[in-house]
Amino acid sequence: KLAGHDGIVVQSKDTGWTQNSPIGTDNPDILKVGEKYYIYFKSGQQTGFPRGGYGVAISENLEGPYQIYNMDVPITDNCNYIEDATAFSCNGKIYLLSTDNFGTNSNTKEFGYGILWESEDGLSFQLKNAKVGFGVLSDYYHIPDYATYPYGMTGKFERPAILFQNGKATYFYAANGTNVDGVEATQNYVLKILS
């Protein structure tokens, strides 16, 4: 059955940083932190304020109800639009892995790179503690001349996910607008994490 009100468990508000968000709350990912459930979500504007950042809604129960943690500001201090975050815990810390949509003069300084955000509590993620989490497709794979770009993208990964096996990150999954088979469709990629 649908959780929340008609299946909506986290909704933008009339005040605060999610106010007037054209995307509402989207790109969610859920993580159990201790005995609570955290739904990380994107909200805000692509440009201006409130900028597109990530928030978190918390509940004691998987089914909810969920309450947005901080309505004043996002929990990420990105300086430009990010999206597609996946959440995971490792070695006692909470991580978000998101896509830096614009790159130039912003978060990673590189279009389409990934930002690996680190937090002690999962409630605040700061760029000063972040690292580049992944590059673009051409950083890992030779793109043939006959490749197609159905959306005009140049190798940017979206919707990243990490597979953990025996407590270790082993594979990276993501969608991409580059099709190395030359077909007019996007492709999904799996990369093995070597370190």
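Caption draft 1: How the structure looks around the overall build of the protein. Counting its secondary structure elements, the protein contains zero helices and eleven strands. Reading the protein from its N terminus to its C terminus gives the helix and strand order β-β-β-β-β-β-β-β-β-β-β. Taking 195 residues into account, the globule formula puts the C-alpha radius of gyration at 16 Å, and the protein, at 17 Å, falls close to it. Judged by the C-alpha coordinates and their principal axes, the protein covers about 50 × 40 × 40 Å. By the burial criterion, 45% of the 195 residues in the protein qualify as buried. For the protein, restricting intrachain contacts to residue pairs at least 6 apart in sequence, the fraction spanning at least 24 positions comes to 44%. Split by element, the accessible area of the protein, about 10,600 Å² in all, is 49% carbon and sulfur. Of the charged side chains in the protein, 14 are positive and 21 negative, and the gap between their average positions amounts to 6 Å.

Caption draft 2: Region of interest: the sheet that holds strand β4 (residues 67–68). Spatial strand order, β1-β2-β3-β4: four strands in an open sheet with antiparallel pairing. Each edge of the open sheet is held by one strand with a lone partner, namely β1 (26–33) and β4.

Definitions and cut-offs
Residues numbered from 1 in each chain as written. Predicted model: local features only at pLDDT ≥ 70, side-chain atom pairs only at ≥ 80, totals over all residues. Heavy atoms only, no water. Helix = DSSP H or I, 4+ residues; strand = E, 2+ residues; numbered from the N terminus. Rg over C-alpha atoms; globule rule 2.2 N^0.38 Å. Buried < 20%, exposed > 50% of the residue type's maximum accessible area, 1.4 Å probe, protein only. Contact = heavy atoms within 4.5 Å. Areas by Shrake-Rupley, 256 points an atom, 1.4 Å probe, with all protein chains shown as cover. Lys, Arg positive; Asp, Glu negative; His and termini not counted. Charge placed at Lys NZ, Arg CZ, Asp CG, Glu CD. Pairing = 2+ DSSP bridges.

By themselves, these observations are geometric and do not establish any function.
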